[in-house]
Amino acid sequence: RLSLGCHRSRAVRCPGHLMVIAEFYDRKSLLITGSTGFVGKVLLEKILRDLPQVNKLYLIIRTSNNQPVHERLDEDILASKVFDRLRAIHGSEFDSYVKSKLVPIAGDLSKNNVGLSDADLAEIAANVNVVMHCAASIDFRERLDKAVESNVLGTFRLFTLAKGFKDLKAFVHCSTAYVHANRPSVVAEELPPLNFNPEEMVQTILKIDPAQIDKLTPGILGKYPNSYTYTKAISEHMLCRKREGVPLAIVRPTIVGSAHREPFPGWTDSVAAVGAVILYIGVGLVQFLKGMPDVVADVVPVDIVANMLIASAIGVASQDKVEIYHCGTSHRAPVRWGNFAHYVIDYWRTHRPAKSIAPATILLHRTTIGYELHFFLKFIAPSFLYQIFAHLLGNEAQKRNAERFKKATRAARLIGDTFEHFTCNEWTFLVDNSERLYTGMLGADDRRVFAADTRAINWRSYIVTFCYGLQKFILKEEGIRPPLESEEVVTRDEIHHQGYWSWMFSDMSWAIHSYRHVTPLPVQARQHKDIKGLVLQTPTVRAAMDRVAQEEGVSLAVIEKRANRMVDRMGHTLNMTVVRVIGWFLKKVWRKMYQGIHVDERGLEAVRQAVKRAPVILLPTHRSYVDFLLLSYIFFEYDLPVPYIAAGEDFLGVAIVQWIFRRCGAFFMRRSFHGDALYWAVFSEYVQRMVVDHHPVEFYIEGKRSRSGKSLYPKMGLLSMAAEPFLNGQVNDVALVPVAISYEKVLEGELYGNEMMGESKTKESLNGLLRATKVLRMNWGRINVVISNPVSMQKYTSEFITDTTQRRMEGKLAPVYNMPGGDDPSAILRKELVEGKARSPASPLAANPTAATAPPPATTVPAPYTPPAPSALCNPYVNREDKRMLIESLAFHIISIFDRTIRITTTAIVSTILLTYRRGINRDELILKADWLREEIGLHGGEVAYDGKTEALVDYALSLLRNLVSKRRNMYEPSHSVHGGGQGQGNPNLNYRKNILVLAFYRNQLLHLFQWEGIFACVLAWFSGYSGYGTSKRKAKIANQEGGNGVEGDRLFEEVRFLTGLLTSEFVNRPGMATNQFLQGVLERLVSREWVLRHVLPAGADGKSHSYYRISLRGEGPMTFLCHMFWPLIESAMVAAVTLFSIQPDIEIPAPSLHQRMGWLAEKMYDEGKLYFYESCSMETLSNFLPTFTQLGVMTMKRPAPPAPVRAATPAAAAGGKKKSSMTAAPVRRTANADVEMVQLLPPYREKDGALKALAERISHYRRTPPLSSQGKDFKRVIVEKFPLLAKL
């Protein structure tokens, strides 16, 4: 401050007295200049919205042509969309509110007393407490003498006027950080050094002949790039020299960009500075600039500038001092021009403006010669040649185009020259003083409401929102949507480190230098041999080995060797060198295949915090093999511990893949543990060991890849194992992190089609891996990764215990016994070990994971088990049934998070429409339907992973689906051919069916959003007389408001519950979700949207009125659309039910055989035209009805009992002697059919004209085609007549 020549006032506030913004501005009046400008409007809106306690806001507004100042206030300020948020808050009171605060005054900074009348001057001098001077000439090309007049003399006139104000608390001057533009460096918050006297220089400039000033300007400016920065530097010096005790705050923003948060993201009305560059890139006018990609671009959002202007007055209020506050991002949140340009192109690539002349692209030239040569070849030479051609041979239109080209050349040159200084030089503007202001003088609420911390900026999100704001508010284009927030493109082309070789080998440099500042874990990662030793010495594994040795009659050493081999086979050998090599390889592969991998960075930061406090379990959705390495790659990219991944033993058959996977952290598991207690114990302890060591573990709660595109029912085994360390007190908490991954196009699409048509799953092999290299030549769209906030096991368990206990005490839930379950030896072993452990000394796996290396105590013999009395108290820590309920509830909660957060892809939207109009739809109609569906997805809580116009969405999706969709006579429909060869080539019928199944995979991604409305639609369609064929009779009935009451409310709910139960395996819902209250809510939404008509009949004999419902004429279109989404599932259910007629009473058949019968019958029924939707033949969908019919009590499915263990032939052999029987040491081997479940109809459904007939008829009501009906005939005969192929079964 000594360098500023300032002196502290004697009236200095006590350091302990903290001034808050609301308190300071209470009943104070402000004078604001520049309120018609970009920064001024945002400042004004912020004060009116968040500081309503201010008294008056005096606005000095320059008018022309005798325009009334109030008129300019209304037209140029209040008419701006920047006040839309304030309008929404105040509603009809908006005008009266702003008029009560705003006092517009005609003035001109170029005149004496800034052009104020005597009356206005007297009022201002008596009332104004704070001056905020935002007016300036920001034109970089402004003639030097005019810039001096505006930025220096105009400021000084206002400042001189302010000295005479009666009670001036602070004068806030909005300058620019680039007053230091002449010396790129690290810049402190101090006055710029000048090698001349500023007052003398001003007088010298004003005396120069205007005709000569342009020639002399470069010499005067020196190293300053323009007159704006030069005059701003002079202005600061003159204010400090002539201050005379006025409290002065100088706020220095850097390059001001669009709003970050307020009044709403992306708002801008200015195309100055960087906004002009972004806009010109978007319209294709600027395609290259001179600049350094690794130079920091210091862009600051305008709302942060407004907040700093408001807060800065407090730093100097009533004090004889000057404070300078930088407002920029280079110090705390730098972004480089290379990344900035990449994010800009990322937006314009999918949001091409209607007025663009070329696709958006940008290249930063490091050298002047490269830039000049490129500009000459791109603009100068073509423009010159076109000018000659147009004037010599062209017509009038060509001459006009030549002039436009000439103007475009000048504009491109102007942009390049203007911004060259800022893209080729780097400054770091320190914000120490600004941070002291916010941390030392403001409260927490002030820091939140008037936020100025630039570290909160997500640069990709901000820059694409900036582009969106320019397109919406400057180009005024309709139909564009705000971009998705808080996303980062992992496959960005970044130069992480400076230097030529880093630029040449950026991916290699990234792989080598990344993952150096990893978020630390509480426990250092263990080697495989250490983990194995700890696992094999646990009481659970020792007890399991003793039990298996006793059952098989072999020595313990034999079983120990078997357990050793198990751990070696399943164990990971994480190696960071291999991870770096694979990371380098994947970065290149991702960039080749995908347009981007979009990651929710807020979720990553939440995981980073969770890793520090508790073990983290990653639970991603599973739609593709890409999932296996995707999260590891993302964690490597963001310096998070690479997780251990649960993978199936299928990969062990591919030597190279299993070697890579194992060293990237994969551990392997069997598909089934059935009947193998030793394997269960070893694997369970292995998983628990990783959890206790606090290392992130990743597994798929759905168990397998979803071939249907929908969420699968959760598997509880691994989740239960991962939760065990928390439930037995080894760790204080476990953080479960749901990760929703959606693909615009899956690699396995064709394979899924084959499998859903009944072909065997393609086995993983090296040959298949090598053949898959063709995918590198294809466009697979983008991947969307949404990482949800971690679910605390501790918090969830506490809430579960409270809720369950409460419901039991209220009688809504029965108390439970803690009884052993089933004949499964592993289940019995689990029960005995848990009970034994509860009565044994402390486990070696103590809550402190660092103590886990201690040798385990000797195996204890479990105490006798005594079942406790039933209790209303829920205690999952000791009660096994409560634990099961807890894990089940948690699993359903995780799946619900998947469905709530997964991003809906462009291909899902277009596939849904194409399958609804599978006979063909033109582009215009497709766009119209896509726009409607897009809105509906938003209304149902979904989020579309595309924020461009719907036309661009449709075109983009069609380009990704080009191998599945064909265009004939301007109509789009599922293709009958396979593009690029492949299985099925030459068989249009087979190709069409396969394409239908793949399109259905994409459609099913959004099916869960419309589950309840879709089920209501199918039921109401039947009762409204709609079977899928648009008859004039039906339409006349619907049009007649008096005719046809529809279905009574109770009956409607009954049928909805029936369909919900029938589709229970298709949608993962919490048990008991379909309550009357919930269903009534869904129905009320349909009624409120006028899709469903409600007709209330007067009270009858029972004294109650009855409500009837049917589809309205307005709702016919959307409800039919919903029906088309759910009819295929109902057709599948009908096929499954009809297939049950082929099972003879009292006969058991293998479940796979029944499944194959269903697929065969469905295929034949489709061939004969009995089915409308081919996706109803999907083997994945048909398989879901096996557990559904079991749950509905139609049939049973059970496995045969496991074979008895083979015991040793002699005691000597059992003791491990040398002479053994051939049967002695053989482990238990399961037969090929040991895991095959057998199906048998239950008694009520064995009579074909009984319950099974009723079930099939009831299901058939809700399909698209006319229902099955026996009409008094034998139903079995009707079925055979309708489907003759059934007789063959």
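Please read all numbers here as calculations on a predicted model, not as lab measurements. (Residues numbered from 1 in each chain as written. Predicted model: local features only at pLDDT ≥ 70, side-chain atom pairs only at ≥ 80, totals over all residues. Heavy atoms only, no water.)

Participant: Go over the pairing of strand β21 (residues 782–787), please, and point to the residues and values.
Facilitator: Side-chain positions along a regular strand alternate between the two faces of the sheet. The buried fraction of β21 amounts to six of the six residues, a majority that puts the element mostly inside the structure. Neither face of β21 is exposed, since Arg782, Asn784 and Val786 on one face and Ile783, Val785 and Ile787 on the opposite face are all buried. Relative to β21, strand β15 (residues 596–600) is paired through four bridges, and the arrangement is parallel. In the strand pairing of β21, Ile597 is matched with Ile783. In the sheet, strand β20 (residues 735–743) pairs with β21 via five bridges, with the strands oriented antiparallel. In the strand pairing of β21, Ile741 is matched with Val785. (Buried < 20%, exposed > 50% of the residue type's maximum accessible area, 1.4 Å probe, protein only. Helix = DSSP H or I, 4+ residues; strand = E, 2+ residues; numbered from the N terminus. Pairing = 2+ DSSP bridges.)

Participant: Tell me about the sheet that holds strand β29 (residues 1092–1097), and name the residues and values.
Facilitator: Taken together, three strands build an open sheet; the order of strands is β28-β30-β29 and the sheet is antiparallel. One side of each edge strand has no neighbouring strand; the edge strands of this open sheet are β28 (1047–1048) and β29. Taken together, the six bridges between β29 and strand β30 (residues 1106–1111) define a ladder with antiparallel strand orientation. Within β30, the residue paired with Leu1097 across the bridge is His1106. Its contacts with the sheet place helix α39 (residues 1011–1023) against β28, β29 and β30, and it is angled at close to 95° to β30. (Contact = heavy atoms within 4.5 Å. Axes fitted to C-alpha atoms, helices over the stretch in contact; angles between N-to-C directions.)

Participant: Requested: an account of the sheet that holds strand β32 (residues 1195–1198), with residues and values cited.
Facilitator: The antiparallel open sheet is built from three strands, whose spatial order is β31-β33-β32. Single-partner strands in this sheet number two, and they are β31 (1149–1150) and β32. Sheet topology places β31 next to strand β33 (residues 1238–1241); two bridges connect them, and they run antiparallel. Within β33, the residue paired with Pro1150 across the bridge is Met1238.

Participant: Can you lay out helix α45 (residues 1179–1191) for me, pointing to particular residues and giving the numbers?
Facilitator: A rise of 1.5 Å per residue sets the reference length of α45, with its 13 residues, at 18 Å; its end C-alpha atoms lie 19 Å apart and thus fit the reference within 8%. Every buried residue of α45 is accounted for by Met1179, Glu1180, Thr1181, Leu1182, Asn1184, Phe1185, Leu1186, Thr1188 and Phe1189. Contacts from the buried residues of α45 go to α30 (749–756), α41 (1049–1062), α43 (1116–1139), α44 (1151–1167), β32 and α47 (1251–1260). Just downstream of α45 lies Gly1193, where phi reads positive at about 80°. (Expected span 1.5 Å × (residues − 1).)

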